[in-house]
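Examining the three-dimensional arrangement
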Amino acid sequence: MAADGANGRFPVFQFLTGGEKVRFWAGLAMAMAGLSLGWYVLFAGQLGRQTPSSRWVAEVRAIKLARAESLAGQRKLVLVSGSNALFGLDSGRLERAWGLPVVNGAVNAGLLLPYVLESSKALIGPGDVVLMPLEYPMFGNAEALNSIVIDYVLARDPAYWSGLPWRERLRFLADVEPLRLWKGWRNPPDRSVGQGVYGGHHVDVRGDQTHSAAADRTDQERAELAATRPWRYGRDNPPDPTAWRRLVAYRNWLQQRGACLILLPPTLLFDVSYRTDPVEHRFYASLPVQARAQGLVYVGNPYDFMYPRDWYFNTDYHLTAEGRARHTGRVISLLGPDLGRWCGWQGTTARP
């Protein structure tokens, strides 16, 4: 709308007299303040109010926390990522290879990089090795929020929200969907998850996914896998400087505790465009280089962990149990007999 060039006033308000204009703007400001306060009250009322949609993640995380607590005082290997490592790494085999107890701390990439990093700290003790096959989306849009992490933090981890800087807390307030607030206020029953692929009922004591053999797939899971399409991370989700800063800060936090961070590629269903499309090829080829330029330890080539469709269970990041066995062997071979050498240590020797 064009302003009145003579005095900068908006013509739509010309009918108001001087006193009416003051009352109009004061009323508008009070209305906005009232709406903001109402929105905050609705939001604050959700803190700690548990939802069924956040239940499975909470149950899986509880298993991983219990595993870490059972190993208190012991040096261990902790897997940190989204669900590619939940499905894709055999923690028992890693234990036998490197002689370290393992906590598979991987849960869901939908929780996004800031929360995945922060929440993993509860699993890590002095001298631990953190193996991080981070999903590719986590390197981009590092400040974005989504409905998964907002739902989970509101329902299960309000202390995380309370501990954020005020600008980040405001982003949760701005990005929460009205439907999520409505669902929370309905206060539906918070029953334990006992069906479906995801949940504590399909996770073992080390934190690995179970019931993921090729023979366990249902028609729905086959259909979900068939429906997957190639990603365009190079075009749509390139690495973000903020993500690198978060990872460097996380590495520094680990080092202060005498712990060590090793990044490596996640498993991903191969598509020919990942090699032939120049933008996508540059994304995968340059990611390890960019990580190392930040002073991070990144081991491996993303293309070495891209596998054919029949290795996967229901998505292009979730291996079957058979695929997991082959992938775990490749990870052990890649990192070699002495895991500690990537940390500048000695004495973490693999066993055949």
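Everything below is about the structure printed above this text.
All values reported here derive from a predicted model rather than from experimental measurement.

Reading guide: rules and limits
- Residues numbered from 1 in each chain as written.
- Predicted model: local features only at pLDDT ≥ 70, side-chain atom pairs only at ≥ 80, totals over all residues.
- Heavy atoms only, no water.
- 1 Å grid on protein atoms, 1.4 Å probe; cavity = no way out; pocket = protein on both sides within 12 Å on 5 of 7 lines; lining within 4 Å.
- Points joined across faces, edges and corners; volume = space filled by probe spheres on them.
- Helix = DSSP H or I, 4+ residues; strand = E, 2+ residues; numbered from the N terminus.
- Nonpolar A, V, L, I, M, F, W, Y, C, P; charged D, E, K, R; others polar.
- Disulfide = S-S within 2.5 Å.
- Buried < 20%, exposed > 50% of the residue type's maximum accessible area, 1.4 Å probe, protein only.

So, on to the layout of surface pockets. Any empty space left between the atoms is revealed when a probe the size of a water molecule rolls over them. Size it by volume and the largest pocket reaches roughly 600 Å³. Taken together, 27 residues line the largest pocket, and the ones lying closest to its centre are N108, A109, G110, P137 and W231. No other element matches the 3 residues that helix α5 (residues 112-120) contributes to the lining of the largest pocket. Class assignment of the residues belonging to the lining of the largest pocket gives a composition of 16 nonpolar, 9 polar and 2 charged. The calculated volume of the second largest pocket comes to roughly 330 Å³. S53, S147, D151, R180 and K183 are, among the 19 residues lining the second largest pocket, the residues nearest its centre.

Moving on, we get to the state of the cysteines. Across all of its chains, the model carries 1 disulfide by this definition. Paired through a disulfide, C260 and C343 show a sulfur-sulfur distance of 2.0 Å. Here C260 and C343 share a disulfide; its torsion about the S-S bond, -85 degrees, makes the bridge left-handed. One end of the pair, C260, is in strand β4 (residues 260-263); the other, C343, is in the segment after α15 (321-335), and 83 residues separate them in sequence. The exposure class assigned to C343 is buried, which follows from its relative accessible area of 17%.

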